[in-house]
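One-letter residues, chain by chain:
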Amino acid sequence: HGEASTVTVTTPGGSVAIGEHQSLVVVAGPCSVENEAMIIETAQRVKAAGAHFLRGGAYKPRTSPYAFQGHGESALELLAAARQASGLGIITEVMDTADVEKVAAIADVLQVGARNMQNFALLKKVGAQDKPVLLKRGMSATIEEWLMAAEYVLAAGNPNVILCERGIRTFDRQYARNTLDLSAIPVLRSLTHLPIMIDPSHGTGRAEYVPAMAMAAIAAGTDALMIEVHPHPAKALSDGPQSLSPQQFDQLMPQLAVLGKAM
Ligand code: PEP
Ligand code: MN
């Protein structure tokens, strides 16, 4: 694949470089932005623990139309406030072509979620704007389909794409929500120059399994991690069972730091 590419993101706290030859980058935060107090508290806690980006959904791709859909535009404003308060860069999902400009106005990186990996109109639209794009792997997408989805963004003119493995559909969902495909790390490394992120939270669906898979991902060579953290996981409006508490995140971060790739 030639030279590994680095995606450099300018955040209020300085620029963060993501790629094979860079330090490990950690993205942390709740599944959904629920209110101002919780997003600011989470931002400050994950920042203090050493995270580089705050994640949090304003627009949520929920399986059921009756489940919490995210607070939308008002949550974008709360993310802007958390960005200001913490100095962290913001990563948040955009689901609709009509929202790209609005989301890009506050986000430092635009997330395209698993369910939209092959939303070609959305891929072209995020490819035609300047913010880096975090492209999650579709839950049943092959590596080839995923790389071709990334190609849509690149072909539209945006070279800053990060690939995020978040678990693929599994036949046994009793103990893990998905099968986190860690073999994607060396496979992608051999096929593409793009930076690689692993999301052990959606990958397992269970907070207790997140640390082991985060460490395994580092051992396998990931460039970045995405970890869901919520101040009160039991009360989360989405993905509570897979969210670490700030205390658990505090314990995990030093464990990650000893694993080689400097942070
Ligand atoms: C998320 O990051 O909260 C999310 C919905 O992820 P995915 O698209 O991987 O399911
Ligand atoms: Mn989630």
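No experiment lies behind these values; they were computed from the predicted model shown. (Residues numbered from 1 in each chain as written. Chains lettered and ligands numbered in written order. Predicted model: local features only at pLDDT ≥ 70, side-chain atom pairs only at ≥ 80, totals over all residues.)

### Things to note about the overall build of the protein chain
Counting its regular elements, the protein chain contains nine helices and 10 strands. In terms of C-alpha radius of gyration, the protein chain reaches 16 Å, essentially the compact-globule figure of 18 Å for 263 residues. Overall, the protein chain is about 45 × 40 × 40 Å in size when its C-alpha atoms are taken along their principal axes. If you take every contact in the protein chain between residues at least 6 apart in sequence, the share linking residues at least 24 apart comes to 67%. (Helix = DSSP H or I, 4+ residues; strand = E, 2+ residues; numbered from the N terminus. Rg over C-alpha atoms; globule rule 2.2 N^0.38 Å. Contact = placed C-beta atoms within 7 Å.)

### Side note on the site of ligand 1
The immediate surroundings of ligand 1 are formed by Cys31, Gly57, Pro61, Gly113, Ala114, Arg115, Lys136, Arg166 and His202. Residues belonging to the shell around ligand 1 are distributed by class as follows: three nonpolar, three polar and three charged. (Near = placed C-beta within 6 Å. Nonpolar A, V, L, I, M, F, W, Y, C, P; charged D, E, K, R; others polar.)

### Quick notes on the pairing of strand 5 (residues 89-93)
Strand 5 sits mainly inside the fold: five of its five residues count as buried. Where the polypeptide runs from strand 4 (residues 53-55) across helix 2 (residues 73-86) and back to strand 5, its parallel neighbour, the crossover connection is right-handed. Pairing analysis gives three bridges linking strand 5 to strand 6 (residues 109-112), with the strands arranged parallel. Bridge pairing links threonine 92 to leucine 110 in strand 6. (Buried ≥ 20, exposed ≤ 12 C-beta atoms within 10 Å, placed from the backbone. Right-handed = clockwise from strand over helix to strand, strands pointing away. Pairing = 2+ DSSP bridges.)

### Regarding the sheet that holds strand 8 (residues 161-165)
Spatially, 3-4-5-6-7-8-9-10 is the arrangement adopted by the eight strands of the closed barrel, whose pairing is parallel. Between one strand axis and the next, the sheet turns by 25° as a mean value, whatever way the strands run. Sitting on the sheet, helix 5 (residues 143-155) is in contact with strand 7 (133-136) and strand 8, with an inclination near 155° to strand 8. (Axes fitted to C-alpha atoms, helices over the stretch in contact; angles between N-to-C directions.)

### Brief notes about the nonpolar core
Of all hydrophobic cores here, the largest spans 74 residues; its most connected members are Val27, Leu135, Ile162, Leu163, Met197, Leu225 and Ile227. If we skip the residues at most four places from it in the chain, valine 27 touches Ala51, His52, Phe53, Arg55, Ile91, Ala224, Leu225 and Met226. (Core = buried A, V, L, I, M, F, W, Y, C linked by C-beta atoms within 7 Å.)

### Describing the packing of helix 4 (residues 120-127) against helix 5
For the pair helix 4 and helix 5, the least separation of the axes is 7 Å and the interaxial angle reads 40°. One element, helix 4, and the other, helix 5, form an angle in the oblique class. Here helix 4 and helix 5 pass one another in a crossing that is right-handed. Across the interface between the two elements, Phe120, Leu123, Lys124, Val126 and Gly127 of helix 4 pack against Ala149, Tyr152, Val153, Leu154 and Ala155 of helix 5. Class assignment of the residues belonging to the contact of helix 4 with helix 5 gives a composition of eight nonpolar, one polar and one charged. (Parallel < 35°, antiparallel > 145°, perpendicular 65-115°, else oblique. Left-handed = near helix turned anticlockwise from the far one by under 90°.)

### Considering the confidence of the model for the protein chain
For the protein chain, per-residue confidence averages 97 on the pLDDT scale, and residues scoring 70 or more make up 98% of the total. Interface scoring of the predicted complex returns ipTM 0.99; its pTM is 0.97. (pLDDT = per-residue confidence, 0-100.)

### Observations concerning the packing of helix 1 (residues 36-49) against helix 9 (residues 246-257)
Helix 9 packs onto helix 1 with a crossing angle of 15° between their chain directions and a minimal axis gap of 9 Å. One element, helix 1, and the other, helix 9, form an angle in the roughly parallel class. Considering how the two elements wind past one another, helix 1 and helix 9 form a crossing that is right-handed. Residues Arg45, Val46 and Ala49 of helix 1 form the contact with helix 9, whose own contacting residues are Pro246, Phe249, Asp250 and Met253. A per-class count over the contact of helix 1 with helix 9 returns five nonpolar, no polar and two charged.

### Thoughts on the environment of glutamate 34
The residue glutamate 34 is located in the loop between strand 3 (25-29) and helix 1 in this model. For glutamate 34, a count of 24 C-beta atoms within 10 Å gives the class buried. Along the primary structure glutamate 34 and glycine 157 are separated by 123 residues, whereas in three dimensions their C-alpha atoms are 34 Å apart.

### Quick notes on unusual backbone geometry
Even without being glycine, aspartate 239 reaches a positive phi, approximately 55°. Examined against the element boundaries, aspartate 239 turns out to sit in the loop between strand 10 (224-228) and helix 9. Aspartate 239 gets classed as buried once you count the C-beta atoms within 10 Å, which come to 20.

### Details of helix 1
Its 14 residues place the ends of helix 1 20 Å apart at the C-alpha level, agreeing with the 20 Å of an ideal helix rising 1.5 Å per residue. Of the positions making up helix 1, those classed as buried are Met38, Ile39, Thr42, Ala43, Arg45 and Val46. Looking at the buried positions of helix 1, the neighbouring elements they touch are strand 3, strand 4, helix 2 and helix 9. Among the residues trailing helix 1, glycine 50 stands out with phi positive, at a value near 110°. (Expected span 1.5 Å × (residues − 1).)

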